[in-house]
Amino acid sequence: MMLATTLPATSATVADPLRAPAPRTVEETGLPQLFLVDLLCKILAQHGQMHLSELAASTKLPISVLDAVLAPMRAEKLCEVARRGGSGTDADLCFNLTELGRLRALEAAQRDAYAGPAPVAYADYVAQIQRNSVTHQPLSRAHMQRVYDGVVVRPALLDQLGAAFNSGRAIFMHGPAGSGKSYLAERLHGLLEGEVPVPYAILIDGAVVPIYDPVVHPAVPEQAPAGSQFDRRLTRDLRWVRCQRPAVLTGGELTIEMLDLRFDHGARLYQAPPHLKANGGILVIDDLGRQRCSAVELMNRWIVPLDRHIDFLALQNGYKFAVPFDMIVVFSSNLQPEELADGAFLRRLGYKIHVGPLPEALYRTVFRQVCERLGLAYDDAMFDYLLRAHHGPEDRPLMACYPNDLLGQLCDLAHYEGREPRLDQAGLDWAWQNYFGTSADDAGDRTNQGDQK
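The shown structure was predicted, so the numbers you read here are calculated from the model rather than taken from an experiment. (Residues numbered from 1 in each chain as written. Predicted model: local features only at pLDDT ≥ 70, side-chain atom pairs only at ≥ 80, totals over all residues. Heavy atoms only, no water.)

Participant: I keep staring at the overall build of the protein and nothing clicks. Help me out?
Facilitator: Of the regular secondary structure elements, the protein holds 18 helices and 18 strands. Classification of the 453 residues of the protein by burial places 50% in the buried group. (Helix = DSSP H or I, 4+ residues; strand = E, 2+ residues; numbered from the N terminus. Buried < 20%, exposed > 50% of the residue type's maximum accessible area, 1.4 Å probe, protein only.)

Participant: Please clarify how unusual backbone geometry should be interpreted in this entry.
Facilitator: A negative phi angle is the norm for most residues apart from glycine, just as the trans form is the norm for most peptide bonds. We note that lysine 60 has phi near 65 degrees; this positive angle belongs to a residue other than glycine. Mapped onto the fold, lysine 60 is located in the loop between α3 (52–59) and α4 (63–75). Since its relative accessible area comes to 22%, lysine 60 is described here as partly exposed. If you check the backbone angles, histidine 309 has positive phi at about 60 degrees while not being a glycine.

Participant: How should I be thinking about the sheet that holds strand β18 (residues 351–354) in this particular structure?
Facilitator: Strand pairing in a sheet takes place through backbone hydrogen bonds and is either antiparallel or parallel in direction. Judged by pairing direction, the sheet is parallel, and its 5 strands sit side by side in the order β11-β14-β17-β6-β18 without closing on themselves. Strand pairing shows two members of the sheet lacking a second neighbour, β11 (247–250) and β18, which therefore form its edges. Averaged over neighbouring strand pairs, the angle between their axes works out to 15 degrees when direction is ignored. Alignment of β11 against strand β14 (residues 281–285), held across 4 bridges, turns out to be parallel. Counted as the bridge partner of leucine 249 is valine 284 from β14. Those strands touched by helix α8 (residues 155–167) are β6 (171–174), β17 (327–333) and β18, and its axis lies near 160 degrees from that of β18. (Pairing = 2+ DSSP bridges. Axes fitted to C-alpha atoms, helices over the stretch in contact; angles between N-to-C directions. Contact = heavy atoms within 4.5 Å.)

Participant: Sorry if this is basic, but what is going on with the packing of aromatic side chains here?
Facilitator: In this description, a pair of aromatic rings is defined by centroid distance and the angle of the planes. This structure, assessed with the given rule, holds 12 aromatic pairs. Pairing tyrosine 200 with tyrosine 212 gives two aromatic rings, centres 5.5 Å apart and planes at 75 degrees, and the pair type is edge-to-face. Of this pair, tyrosine 200 sits in the loop between β7 (195–199) and β8 (201–204) while tyrosine 212 sits in the loop between β9 (207–210) and β10 (240–244), and the two are 12 residues apart along the sequence. Taking the centre distance of 4.3 Å and the plane angle of 45 degrees together, the rings of tryptophan 432 and phenylalanine 436 count as tilted. In this pair, tryptophan 432 and phenylalanine 436 are both assigned in helix α17 (residues 425–436), 4 residues apart and thus about one turn of the helix distant. A relative accessible area of 0% places tryptophan 432 in the buried class. The buried category is assigned to phenylalanine 436, whose relative accessible area is 17%. Aromatic rings pair up to connect Tyr363, Phe367, Tyr378 and Phe383 into one cluster. One cation-aromatic arrangement involves arginine 368 over tyrosine 378; the distance from NZ or CZ to the ring centre is 4.7 Å. (Phe/Tyr/Trp six-rings, centres within 6.5 Å; stacked < 30°, edge-to-face > 60°. Lys NZ or Arg CZ within 6 Å of the ring centre and 35° of its normal.)

Note that every value here comes from positions in space, so none of it alone points to a role or purpose.
What follows is the structure, given as structure tokens:
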């Protein structure tokens, strides 16, 4: 098995592809000439006859690079100029594969069916991850408070999250269901600032690995046009997408196999693992312990990446290579840390933050906020009734999710009955009974006990 055990060396002054000029030659793309020939053959085979402008749009390559690839393709009888428009400009050129070209495309697709924007070189990708590292994102308390403005959370817990974020180490958030762990974890994405370049794909040992995912990488509109592919002075390399820093959320569907580079033999395409897409951003692993693999197995898979900030992936031909592991990793679980992993792994987690029930004052604030959002008139007496008649007798902790879930049911019933929703004892009893599965008799008994108190 071939193995690249270290990341490629990069320059500290590597250019920003969102601002540096686009490549003008094949050499400046960092891609082999033969690879580009195969890519154009696959694109032409997939789309049929194409104008030069369409080829430029598909490959994200400027005309000067396409000229250098198409000329030898024509010489080798892989493609032909089907027709030329009346103006006689490059834009009028229209290309079509010959029979020899279609055979070349078929052979290339058997190895790898990727036929999209030209990838960037693996070393260039690594250089940009290091240049835009998430560790270059210092966080202040003022910034933390701005991002979490309006979120009801204990100030001490917010400070814990802020310090953990600044550390760059993994964060383990644990606590009972409904305490707000997932919500707090997902909101951490708002702490990430700046734009990052994300390639459509990268080329590794001749294989293409797609990276850009519009769901994970929100594109940032260009302030000025990047230019036409026919402009030989393109402002930047269009193989890179200007994006917000990524946020990847995965939960119970996560398996060990998903953490490796997977090759779909049906589609003949590689699928990047979630942490490769999360580079430069945040990766939230929710509901840890509920995955289809054991938590111990999953945790052991992360020991090296969390410790060394690199991971190792393998192509289907056995070539193994190192990739950056540059992200804030957040684990969220209802289980205690010691139930999920041994001491060696727990040491690498760095911060283990407990998120528990709210104190009564904050629970009241959440209740009031939900009333305002749902159009219910808040009533202190009804809130006190909920505590006295239901939370107290059942010893139910004050979880952050309860107000939204309970008051939402009041609104559901009102809409069903065709009336305006209202906050009253009967409605709270009804919602509590539905939510916790208690019987009407039990609810009535608790109400009587609460009234007697």
